[in-house]
Amino acid sequence: MFIAPQNTDLLLTEATGENLYLKLIEQINKDFNLANEGIDFPISISPEELKIQLHEKIYRLIQYKFAEYLNLLYIIDVSEDEIKKLDGSDLVVLAEQVVYLLLKREWQKVWFRNKFR
């Protein structure tokens, strides 16, 4: 049974520990490209750097390209209910929370694919 880690750092640690971190990066790259938000994280990117760059990307999308941001959430299939629960008063914090939800969904895809292949 899939149980999502409680925060971004734990999620990235779990992905690394299960030797699925590279698959997670591949899934993120794939879904961002499907949403026409070209991103190409190298497989050598550290978990900390991935977190920072995703945060910057999501922050810029929220601020400058909101329709594209919504499309990305749709393509990745981030829970609309979870997004609605977030407090949008501080864009930096909001972007951080969205990165967690995005990573959680991507991790879920990778985890299930690995578990049931």
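Residues numbered from 1 in each chain as written. Predicted model: local features only at pLDDT ≥ 70, side-chain atom pairs only at ≥ 80, totals over all residues. Heavy atoms only, no water.

### Comments concerning the side chain of Lys-57
Step number 1: Within the secondary structure, Lys-57 sits in helix H3 (residues 47-64).
Step number 2: Not counting residues within four places of it along the chain, the set of residues in contact with Lys-57 comprises Phe-32, Glu-37, Gly-38 and Ile-39. (Helix = DSSP H or I, 4+ residues; strand = E, 2+ residues; numbered from the N terminus. Contact = heavy atoms within 4.5 Å.)

### Here's the deal with the environment of Leu-91
Step number 1: Relative to the helices and strands, Leu-91 resides in helix H6 (residues 91-115).
Step number 2: Owing to a relative accessible area of 27%, Leu-91 belongs among the partly exposed residues under this scheme.
Step number 3: Placed 77 residues apart in sequence, Leu-91 and Glu-14 show a C-alpha to C-alpha distance of 27 Å.
Step number 4: Once you skip the residues sitting within four places of it in the chain, Leu-91 turns out to touch Tyr-59, Ile-62 and Gln-63. (Buried < 20%, exposed > 50% of the residue type's maximum accessible area, 1.4 Å probe, protein only.)

### Points about H3
Step number 1: Here H3 contains 18 residues, and its C-alpha end-to-end distance of 26 Å stays within 8% of the 26 Å for a straight helix at 1.5 Å per residue.
Step number 2: Of all the positions in H3, only Leu-50, Leu-54, His-55, Lys-57, Ile-58, Leu-61 and Ile-62 are classed as buried.
Step number 3: Contact partners of the buried residues in H3: helix H1 (8-17), helix H2 (21-34), helix H4 (66-76) and H6. (Expected span 1.5 Å × (residues − 1).)

### Structural notes on the packing of H2 against H6
Step number 1: In contact at an axis separation of 9 Å, H2 and H6 are set at 120 degrees when each is read in the N-to-C sense. The chirality of how H2 crosses H6 is right-handed. Between H2, through Lys-23, Leu-24, Gln-27, Ile-28, Asp-31 and Phe-32, and H6, the contact on the second element is made entirely by Leu-102, Leu-103, Glu-106, Trp-107, Lys-109, Val-110 and Arg-113.
Step number 2: Class assignment of the residues belonging to the contact of H2 with H6 gives a composition of seven nonpolar, one polar and five charged. (Axes fitted to C-alpha atoms, helices over the stretch in contact; angles between N-to-C directions. Left-handed = near helix turned anticlockwise from the far one by under 90°. Nonpolar A, V, L, I, M, F, W, Y, C, P; charged D, E, K, R; others polar.)

### Section: H4
Step number 1: Where H4 is concerned, the buried positions are Tyr-69, Leu-72, Leu-73 and Ile-76. All buried residues of H4 fall inside an arc of 95 degrees around its axis, so they share one side. Opposite the buried face of H4, at more than 90 degrees from it, the exposed residues are Ala-67 and Tyr-74.
Step number 2: The first or second residue beyond H4 is Asp-77, which carries a positive phi of 75 degrees. (Arc of directions from axis to C-beta.)

### Concerning unusual backbone geometry
Step number 1: Even without glycine at this site, Asn-36 takes up a positive phi of about 60 degrees.
Step number 2: Structurally, Asn-36 can be placed in the loop between H2 and H3.
Step number 3: Accessibility expressed as a relative area gives 67% for Asn-36, which makes it exposed.
Step number 4: Even without a glycine there, the phi angle at Asp-77 is positive, about 75 degrees.
Step number 5: Structurally, the position occupied by Asp-77 is in the loop between H4 and helix H5 (80-84).

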